Amino acid sequence: MSALAAGARTLGVELSAGQLAQFDQFQAALLDWNARVNLTSITSAPEVEVKHFLDSLTAAVPVLARLRAGEAPRAIDVGTGGGFPGIPLKIAFPRLKLTLLEATGKKARFLRAVVEMLQLSDVEVKAARAEDLARLPGHRDEYGLATARALGSLATVVELCAPFLEPGGLLVAQRRGDLEAELRRAAPAFSALKVWARAPVPIQVPGLADGRGLIVGEKHGPTPSRYPRRSGMARKDPISA
Ligand code: SAH
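On a predicted model such as this, the values are computed, not experimentally measured, just so you know.

### A word on the overall build of the protein
Helix and strand counts for the protein stand at 10 helices and eight strands. For the protein, the C-alpha radius of gyration of 17 Å lies close to 18 Å, the compact-globule estimate for 241 residues. Once the C-alpha set of the protein is aligned to its principal axes, its extents read approximately 45 × 35 × 35 Å. Burial statistics for the protein: of 241 residues in total, 55% are counted as buried. The long-range share in the protein, meaning contacts at least 24 apart out of those at least 6 apart in sequence, stands at 71%.

Okay, structure coming up:
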């Protein structure tokens, strides 16, 4: 895990030997389960270390000062798949109170096994669709942080994530490519979901130099009751002008 340790350091995240051992265990479980459950197309250990683990940690950049100061926001990782970025964030910042949300039951079973194996506390795995969980008290308007990686277009991400945030809560979406253009296209979704977009955060870390960046938004009011729309709509018919 030396590439991860070095890369994390450039982000300002110091990982202990114990945390690096947890990443090792997570990697072994991911590659083992991947033979049976389709969790990732990345199957070489060095690539998992950089493209999954280090890449996941970059999602912490906008909240790093708060996390370092010992804040423990309630966070939800929407469409977490094999646990990205949620599980690496939890390993690096053990105080996070984390909900891992994943629609596919088999992936959720993997996540539960990892949580147990790594003895992670304050982690809840939900096998559900965002459209349904975001209607439930205890989840709607309740989180300080919502993350998403590879969940869909930015407008889809905003509709599926923002309903979980409390006013003042932050959406962090890991993206690639022309982030300004993405923001312009998704502007109607930001407005409908009452999220103010901040300036995109370019991410520069060794081994991840392919135009990655973060879209960060702050929720400024409660989510209108019509959002998220019924299951599948956010993806099929993203909010547009
Ligand atoms: N975030 C992970 C997985 C990305 S693939 C990563 O970056 O590696 C997208 C995942 O989101 C899939 O596992 C899919 O099952 C899940 N997903 C898609 N739509 C969803 C929804 N509406 N609610 C919950 N999970 C969803």
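### Brief notes about the side chain of Arg212
With respect to the element layout, Arg212 can be found in strand 8 (residues 212–219). Residue class for Arg212 comes out buried when judged on its relative accessible area of 10%. At 2.9 Å, the side chain of Arg212 and the side chain of Asp55 are in polar contact. Residues in contact with Arg212, not counting those within four places in the same chain, are Lys51, Asp55, Arg175, Arg176, Pro202 and Ile203.

### What to know about helix 1 (residues 2–11)
Three or four residues apart is the spacing at which side chains of an α-helix point the same way, because the helix has 3.6 residues per turn. Among the residues of helix 1, Leu4, Ala5, Gly7, Ala8 and Leu11 are the ones counted as buried. Looking at the residues trailing helix 1, positive phi occurs at Gly12, about 95°.

### Topic: the nonpolar core
Leu4, Leu15, Phe26 and Leu57 are the most contacted members of the largest nonpolar core, which has 52 residues in total. Those residues in contact with Leu4 that sit more than four places away from it in its chain are Leu15, Leu20, Phe23, Glu49, Phe53, Leu54 and Leu57. Of all hydrophobic cores here, the second largest spans 33 residues; its members include Ala148, Ala155, Leu183 and Leu193.

### Let's talk about the layout of surface pockets
Computed from the structure, the largest pocket encloses a volume of approximately 730 Å³. Of all the secondary structure elements, the ones that give two or more residues to the lining of the largest pocket are helix 3 (45–57), strand 2 (97–102), helix 7 (130–133), strand 5 (165–176), strand 8 and helix 10 (233–236). Tallied by class, the residues present in the lining of the largest pocket amount to 14 nonpolar, 10 polar and 11 charged.

### Some remarks on the confidence of the model for the protein
Averaged over every residue, the pLDDT of the protein is 97; residues scoring 70 or more account for 100%. By mean pLDDT, the top-scoring element of the protein is strand 1 (residues 74–78) (99), and the lowest-scoring one is helix 4 (residues 64–68) (93).

### Overview of helix 3
Given a rise of 1.5 Å per residue, 13 residues ought to cover 18 Å, and the 17 Å separating the end C-alpha atoms of helix 3 matches this to within 8%. Residues of helix 3 that are buried include every one of Val48, Glu49, Val50, His52, Phe53, Leu54, Asp55, Ser56 and Leu57, and no others.

### Here we look at the packing of aromatic side chains
Under the definition given, this model contains seven aromatic pairs. An aromatic cluster is built from Phe23, Phe26, Trp33, Phe53, Phe84 and Phe110, whose rings are joined through pairwise contacts. Here Arg36 stacks its cationic end above the ring of Trp33, 5.2 Å away from the centre of that ring. Sitting over the ring of Tyr143, Arg74 keeps its end group 4.2 Å from the ring centre.

Each value, and the rule that gives it
Residues numbered from 1 in each chain as written. Predicted model: local features only at pLDDT ≥ 70, side-chain atom pairs only at ≥ 80, totals over all residues. Heavy atoms only, no water. Helix = DSSP H or I, 4+ residues; strand = E, 2+ residues; numbered from the N terminus. Rg over C-alpha atoms; globule rule 2.2 N^0.38 Å. Buried < 20%, exposed > 50% of the residue type's maximum accessible area, 1.4 Å probe, protein only. Contact = heavy atoms within 4.5 Å. Polar contact = N/O pair within 3.5 Å; in protein donor to acceptor, adjacent residues only side chain to side chain. Core = buried A, V, L, I, M, F, W, Y, C linked by side-chain atoms within 4.5 Å. 1 Å grid on protein atoms, 1.4 Å probe; cavity = no way out; pocket = protein on both sides within 12 Å on 5 of 7 lines; lining within 4 Å. Points joined across faces, edges and corners; volume = space filled by probe spheres on them. Nonpolar A, V, L, I, M, F, W, Y, C, P; charged D, E, K, R; others polar. pLDDT = per-residue confidence, 0-100. Expected span 1.5 Å × (residues − 1). Phe/Tyr/Trp six-rings, centres within 6.5 Å; stacked < 30°, edge-to-face > 60°. Lys NZ or Arg CZ within 6 Å of the ring centre and 35° of its normal.

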